[in-house]
Each structure stands twice: as structure tokens, then as C-alpha cells.
Amino acid sequence: MPAPEHRRPPVRSGRPGRTVVVLALAVLLAAAGALLGPLSRPARAEETSKLMLVLDSSGSMAQKSQGEVKIDAARKALTQTVGSLPASVNVGFRVFGATVFNAGDKGACTDSQLKVPVGTDNQGQLDAAIKAVKPYGETPIGYALQQAAKDLGSSGKRTIVLVTDGESTCKPDPCDVASTLTRSGTGLAIDVIGLNVDGSAQSQLKCIASRGKGSYYDAADAETLANSLQTLVQRSRRNFQVGGTPVVGSAAPAQAPVITAGEYNDELPPTGAGDLRWYHLYRNIVGSTLHVSASINRLGRPDAVALEVRTPSGQLCATSSAFRADAFGSNLLSAAVSVGPRAGKAPVAACTSSNDLLVAVRHADRVDGTPVYGGKQTDQVSLQVIEERPVSGVAGLPKPATAGKFVPQFGGSTKPVVGGSSFDDAPTLGQGAYSSNLVPGETQVFLVKQTWGQSVDATLTFPGASGKLASQLGNGQVRANITMFSPNRGPATTNAGGQENVLTKERLVLGLSSTPVRYLNRSQDVTRASSYLPGSYAVVVSLSADPQNQNYVVPYLLNLDVRGRSSGAPDYVANPTPAPAPPSPTPVPAPGSRSGGVTTGTVIGIVVAVAVLLGAGVTAVIVRRRRRRGDAAAG
């Protein structure tokens, strides 16, 4: 059995610890009146996505792979992919290595041409340009990526899909280029398909995809290349949410940036000396409950994230972590805590009464002490803070609940959907049956709204495989997983009908049933302390990477059944007392710099959202880790 995903449960303690400076919220509501009056969920801003296909036309593409000339396989796959796109898709085409033969010749390392500018309704131009490509020269990947980024512009969601059969033969280093391009702002991703590559070439291409915040696929022939292209192109067409506020956590509490209820994006350094990131968190409402989370995308690696909240005098309010020691399971890891009058069995009075708190986040399975699990690379982290108004009382509210028995759901007319890749870009689904597909190493996220008293059954069905897909799944080394997160991004307590198992050619059914949403769930055992907010619950489905780096598309069905009627809503205080105004938000340094003696790093822009959970007076702001935003709560 693989090591399960672990989440160190939130721990509340009244013992004083070392003094730290609290996480502050960088986004303020304009005035106290906005806090006290009804809030509405802002619509997500969207921009049209743009796609640039970049093809290797170097001399090595004249060689054969699996009995077929590589350039022929690439032309066939690109033509098939372009033909499947709606006319409304913004797509362009660039080649490199097409005109200069020798590395020593002038212009060999700047040999890249834009064949079709980004635009819509241009399939004829794309087909003609793809057909005309012939293998010829060198492999200036870094330069081609730089030019492709310019072709796409600087706004909206932009995706470069690079198809190549080898490593770069020119400077600049394409890995460094990928880092620079994605560091300069949100919205750009670089996906890579390696055509029958191995060794150092494969390592370099994987590096480009990793640093380019994209995906890497191996392709041995035209069929797998076409599958990879169509998968990446489909993913690139997701809507993109714009806006947001970056934040740069400090290495020491005294320099912690000020933030308030909202969502933020920062970077966590690898586990080691000086790896803590501090934030100074301010309440907007006296006596409110703060729900704080830190989330990362582990990209199939063993990884961990931990956070804790303390008072300025050092009293520990809550701590939690999430970690996974193997390559299986969801790519999303999220540690979440709640600090308020009824959060946990023994809330710390000083944590509830203090209007400012310190938040520490670490790329490890614990904030203090020597970690067992940690991160070996710098990762983006999403920080979400939800501020919830105090209630007037709990008399008459339903008692804490447990999850009901999981009942698999099958049948019904299915609707095709494309899942998000994070909390931030996940689509919202209603009750019903849905169809989609996964590729090895992929995680998809869907949101399902639940109000007070409701729960959800989620059934994930892989219908079985035949033919080539059956043989690809025959090694039994890819595992399927389904899990669920609550609006505060803590794991939603569930009864599982099997959350993870080996995927083979046989039919596989996985599923779970969440705990009914009740206010008093927060005051019971911490293992059931996440289903206490109404709003958008994230259903996350995933496949682990194929050990042989094979790429194939696996269809699945997702049935969602929201159970129960709205009931048990608490009575929130209508006119809560505003907290003293916090200090001005800390200015964000330019990308590539950090304040307070912190190691140089990059900062990616994030999205800020403010919402009321079902009109109940819960201010929700979600932290984005990558480039997208999802709902923190139902409106």
C-alpha cells in the first residue's frame, strides 16, 4: 500500500511559545460599513486564452521513431489537433531550426520564425504552415520560447506548447528562459512534449515544463503525440481569472507583511535554514473566527506544507500540516486551521480576543523542529483567509455530525466537463453525472456548492479499458484517487467507498460522502472539524504519473449527489464591532527581490475575492497559488 496523504490535525494550545509577528492581510475592505452590511460575490473576470504551438524543425526531426519520420508524426498530430479546435480559439504557430543549417553559421541560434500569428478562424493558414515545415537546422529552444512569449503578449491566459525531439544546441539555457518568462507575471505556462527522447534531453525538457509551470509528456509515435497535444490544448483553453495581490512573506516575524481577509500568493523556499515565511494577520471584526490555509501543488513529488497561528506574545492558537511521502494521490496539499470563539474543543482566549495574529508557513510537515518530510524546491503557495462574523448564540443549533454511509451513484445522462487544475480555476458543478478524462500525473478540481445541513456523495467511475489503453494500464502502477476539501481548504471529513486504488483495464469505482455542514462541527474532534462552513466544496480527482512516462487518455465518469435540505443556519450578529484599522498593507517588492534580508525569489500575482457565505456574514478571500481563483464560499 502506498503511504497515505497525511494531514497533521490542527492543535490548539495555551502554552506560550516564542514571540512572532502575525500574518497581516494585504487586502482591506474599504470601510467598516462594508463589513457590516451585506456582501455579494463579485463575478470572476475572464480573459480569452491564447495558444502558441512551437515546433522543432531541426535536422534530427528527419530521423525515424517507431518506424515513422518524426516530422511526419509531428505534422500529422498538429494537423489533427488544429482541426479539432473551434474557430473561436486564439492560436498561432512558430517553428525553430528551419532556415540555418550549421551551428557556426550566422543566425543559427536565432533561427525561429512566426508562421501564423495568434488569431481566430485561421485553420487554413495553420494547415498550410504545418504542411510546409521541413527538418533542417539547429535547436535554439531558448530563443524560440522568448519569441513565442512575445507573440502571445503580456495579458490573459497564455500557453506555449513546445514539441521537440531533443535538447537545445544554443544559448540561452531554455530552463532559465522558462523561469524568467513565468516569473514576469501570471498567466503564462509552458507545456512540453518530448518526441522519443531520453537522458539529458528528457531532463532538460522536463526542467522547461517544471520551471514554466506547465506539464511534460513523452510521445513515442504520432498517436501518443496527438493524444498529448489534444490534452494540452484542451487544458490551455480554460478561462483565466485576472486581478489579485501578491505578498512576500518575511524570514523573521518582525518584518512580516500586513495582510487581512483575502487571498494571496507567495513562494516557499526549500526546507532548510531560514525557510519560515511570516505574515501579520489583522482582524476586521472583533471576536470573528479566522479560517487560514496554505496550499501547494506538489507536482507528483513527495512534499509537505505546514502553518501555525500565534498571538503576538507567542501563544500557540492552532497548527496543522499536510504531507505525502510518495508520488500517488492528489497533487494538492493544503494545511488549514481556524481561530475563533468556538474553533476546537478548547479555544485559546487570547487568540480570540487579539485583533492581530502571526502566521508562519513552512515547506515541511511541521513549523517547529526538525521535519520528517519537506520540500526540495521553491514552490508557489496559496494563502487563503476567511473571516467569519461572530454568532449571537448556539442554542438550538444541530449537534456535530458524522458522515453518512457512502452510497455509489451511477447512471443518468452525462455532460462533458473539463476540470480545473487548482482551487482557483475549478468549475462549479451541480447535482448530476459528468464525463471527462485524465492523463497520468494529472489532478482535476471541481466545485460543488453545499449549504447548511447538506452533504455530497461523489462517485468516480473508470469504466474499463480495451485495446491499446488496456495494455498501457496493464502494469498496474498508476493509481486513481478522489478526495474533497471544504471552503476553508481543509480536508472535508468523509466516509469513503475507496478513495484510492490501482487503475487497471477493469472497471474501478471510487467515492466518498461528506459530513453534513453544521456550525458546531468546528467544536468537536479535529478530525471532523472541516465541514462547518457552507460554500464551495472541492472534489479532486487524480491519476499518479506513469512510471514508464507513458502518456494516454483515461476516460471517467463523475456522479454528484447533493443530499439534504438547507437547515441549521446560525444566527450571525447583525452589527458586529469593527476592529481597529490595521496598518497599511505592506508594499510588495518588485519581482525577483525580497525584503528584510530574505533570499531573492520570485513573486507571482494573485487574485483577491470577497464573498459572503450564503449571506451568513462570512467574508471569504482565497489565496491563489498558481494563476487562478476558485470560490471560497457559496454566495
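Above this text you will find the structure in question.
Residues numbered from 1 in each chain as written. Predicted model: local features only at pLDDT ≥ 70, side-chain atom pairs only at ≥ 80, totals over all residues. Heavy atoms only, no water.

**Q** What exactly am I supposed to notice about the overall build of the protein chain here?
**A** Of the regular secondary structure elements, the protein chain holds nine helices and 33 strands. Considering the protein chain as a whole, with its 635 residues, one finds that 59% of them fall into the buried category. Looking at the protein chain alone, contacts between residues at least 24 apart form 79% of all its contacts between residues at least 6 apart. As displayed, the protein chain has an accessible area near 22300 Å², and 51% of this comes from carbon and sulfur atoms. (Helix = DSSP H or I, 4+ residues; strand = E, 2+ residues; numbered from the N terminus. Buried < 20%, exposed > 50% of the residue type's maximum accessible area, 1.4 Å probe, protein only. Contact = heavy atoms within 4.5 Å. Areas by Shrake-Rupley, 256 points an atom, 1.4 Å probe, with all protein chains shown as cover.)

**Q** Just checking my understanding: could you explain the sheet that holds strand β22 (residues 428-429) for this structure?
**A** Whenever strands of a sheet pair, they do so through backbone hydrogen bonds, lying parallel or antiparallel. Spatial strand order, β22-β24-β30-β26-β28: five strands in an open sheet with mixed pairing. In the strand order of this sheet, the two ends are held by β22 and β28 (500-502), each with one partner. (Pairing = 2+ DSSP bridges.)

**Q** Which parts of the structure should I look at to understand the state of the cysteines?
**A** Two cysteines whose sulfur atoms are joined by a covalent bond form what is called a disulfide. Applying the stated criterion across every chain, the model contains three disulfides. The disulfide bridge from Cys175 ends at Cys207, spanning 2.3 Å between sulfur atoms. In this pair, Cys175 is assigned in helix α5 (residues 174-183) and Cys207 in helix α6 (residues 199-211), connecting sequence segments 32 residues apart. Bonded cysteines in the protein chain are paired 1-2, 3-4, 5-6 when counted in the order they occur along the chain. (Disulfide = S-S within 2.5 Å.)

**Q** Before we go on, may I ask you to explain the sheet that holds strand β3 (residues 50-56) in this structure?
**A** Strand order in the open sheet formed by six strands is β7-β6-β3-β8-β9-β10, with mixed pairing between adjacent strands. Looking at which strands have only one partner, the edges of the open sheet turn out to be β7 (112-119) and β10 (216-219). Geometrically, the sheet is characterised by an average inter-axis angle of 15° between neighbouring strands, direction not taken into account. Inspection of the sheet shows strand β8 (residues 158-164) paired to strand β9 (residues 188-195) by seven bridges, in the parallel sense. In the strand pairing of β9, Arg158 is matched with Leu188. Against the sheet, helix α3 (residues 123-132) makes contact with β6 (90-96) and β7, and its axis sits at roughly 15° relative to β6, the strand it touches most. Relative to the sheet, α6 contacts β8, β9 and β10, its axis offset from that of β9 by approximately 160°. (Axes fitted to C-alpha atoms, helices over the stretch in contact; angles between N-to-C directions.)

**Q** Sorry, what's going on with the environment of Leu152 here?
**A** The topology assignment puts Leu152 in helix α4 (residues 141-152). Leu152 gets classed as buried once you look at its relative accessible area, which sits at 2%. Each C-alpha atom, one on Leu152 and one on Val118, is 7.0 Å from the other, the two residues being 34 residues apart in sequence. If we skip the residues at most four places from it in the chain, Leu152 touches Lys50, Leu51, Met52, Val118, Arg158, Thr159, Ile160 and Leu188.

**Q** Would you take a moment to explain the packing of α4 against α5 for this structure?
**A** Each pair of packed helices can be described by the angle between their axes along with the distance between the axes. Direction vectors running N to C along α4 and α5 enclose 20°, while the axes themselves pass 8 Å from each other. The angle between the axes of α4 and α5 places the two elements in the roughly parallel class. The element α4 and its partner α5 pack so that their crossing is right-handed. In contact with Ile141, Gly142, Leu145, Gln146 and Ala149 of α4, α5 contributes Pro174, Val177 and Leu181. (Parallel < 35°, antiparallel > 145°, perpendicular 65-115°, else oblique. Left-handed = near helix turned anticlockwise from the far one by under 90°.)

**Q** Help me out: how do you make sense of the packing of aromatic side chains in this one?
**A** The geometry of two aromatic rings is summed up by the distance between their centres and the angle between their planes. For the coordinates displayed, the defined rule picks out five aromatic pairs. Ring centres of Phe323 and Tyr373 lie 5.0 Å apart, and the angle between their planes is 20°; this geometry places the pair in the stacked category. A residue pair is termed long-range when its members are at least 10 positions apart, and Phe323 in strand β17 (residues 316-324) and Tyr373 in the loop between β19 (356-362) and β20 (379-388) qualify at 50 residues. Aromatic pair Phe423 and Phe485: ring centres 5.3 Å apart, planes at 90°, arrangement edge-to-face. Taken as a pair, Phe423 in the loop between β21 (414-416) and β22 and Phe485 in strand β26 (residues 479-485) lie far apart in primary sequence, 62 residues in all. Note on accessibility: Phe423 and Phe485 belong to one class, buried. Against the face of Phe410 rests Arg507, its NZ or CZ located 5.0 Å from the ring centre. Note that Arg522 overlies the ring of Tyr519, its terminal NZ or CZ placed 3.7 Å from the centroid. (Phe/Tyr/Trp six-rings, centres within 6.5 Å; stacked < 30°, edge-to-face > 60°. Lys NZ or Arg CZ within 6 Å of the ring centre and 35° of its normal.)

**Q** Sorry, what's going on with the pairing of strand β30 (residues 535-543) here?
**A** Consecutive residues of a regular strand have side chains that alternate between opposite faces of the sheet. With nine of its nine residues buried, β30 lies for the most part within the structure. Relative to β30, strand β24 (residues 443-450) runs antiparallel, the two being bridged by eight bridges. Looking at β30, one finds that Val448 is bridged to Tyr537. The pairing of β26 with β30 spans six bridges and is antiparallel. Bridging across to β30, Ile482 finds its partner in Val541.

**Q** Would you mind showing me how to read the pattern of salt bridges here?
**A** When the charged atoms of two side chains lie near each other, side chains of opposite charge can form a pair. If you walk through the whole model with that rule in mind, you get 13 salt bridges. Measuring nitrogen to oxygen at the nearest pair gives 3.3 Å for the salt bridge that ties Arg310 to Asp368. Of the two residues, Arg310 sits in strand β16 (residues 303-310) while Asp368 sits in the loop between β19 and β20, which places them 58 residues apart along the sequence. Taking the shortest distance from any N to any O, the salt bridge between Asp365 and Arg366 comes out at 3.5 Å. In this structure Arg366 comes out as partly exposed when scored by relative accessible area, which is 27%. (Salt bridge = Lys/Arg side-chain N within 4 Å of Asp/Glu carboxyl O.)

**Q** Honestly, unusual backbone geometry in this entry has me stumped. Any pointers?
**A** In the segment running from Lys171 into Pro172, the intervening peptide bond is cis, with an omega of 5°. If you trace the backbone, Pro172 turns up in the loop between β8 and α5. Phi angles above zero are rare outside glycine, and Asp121 is one such case at about 50°. On the basis of relative accessible area, Asp121 is assigned to the exposed category, the value being 63%.

**Q** Where do I start with α6 in this structure?
**A** An α-helical turn contains 3.6 residues, so a residue and the one three or four places further along point in the same direction. Over its 13 residues, α6 runs 18 Å from end to end, which matches the ideal 18 Å to within 8%, given 1.5 Å per residue. Among the residues of α6, those classed as buried are Ala201, Gln202, Gln204, Leu205, Ile208 and Ala209. One side of α6 holds all its buried residues, which, seen down the axis, span an arc of 160°. The secondary structure elements touched by the buried residues of α6 are α4, β8, α5, β9 and β10. Downstream of α6 by a residue or two, Lys213 has a phi angle that is positive, lying close to 55°. (Expected span 1.5 Å × (residues − 1). Arc of directions from axis to C-beta.)

**Q** Is there a simple way to explain the nonpolar core in this structure?
**A** Nonpolar side chains tend toward joint burial in soluble globular proteins. The biggest cluster of nonpolar side chains holds 40 residues, and the ones touching the most others in it are Phe462, Ile482, Val539, Leu543, Tyr556 and Leu560. For this core, the secondary-structure elements that each account for two or more residues are β23 (432-438), β24, β25 (455-462), α9 (467-472), β26, β29 (508-514), β30 and β31 (554-563). Sorting elements by how many residues they give to this core places β31 first, with five residues. Of all hydrophobic cores here, the second largest spans 32 residues; its members include Val82, Val161, Ile193 and Leu195. (Core = buried A, V, L, I, M, F, W, Y, C linked by side-chain atoms within 4.5 Å.)

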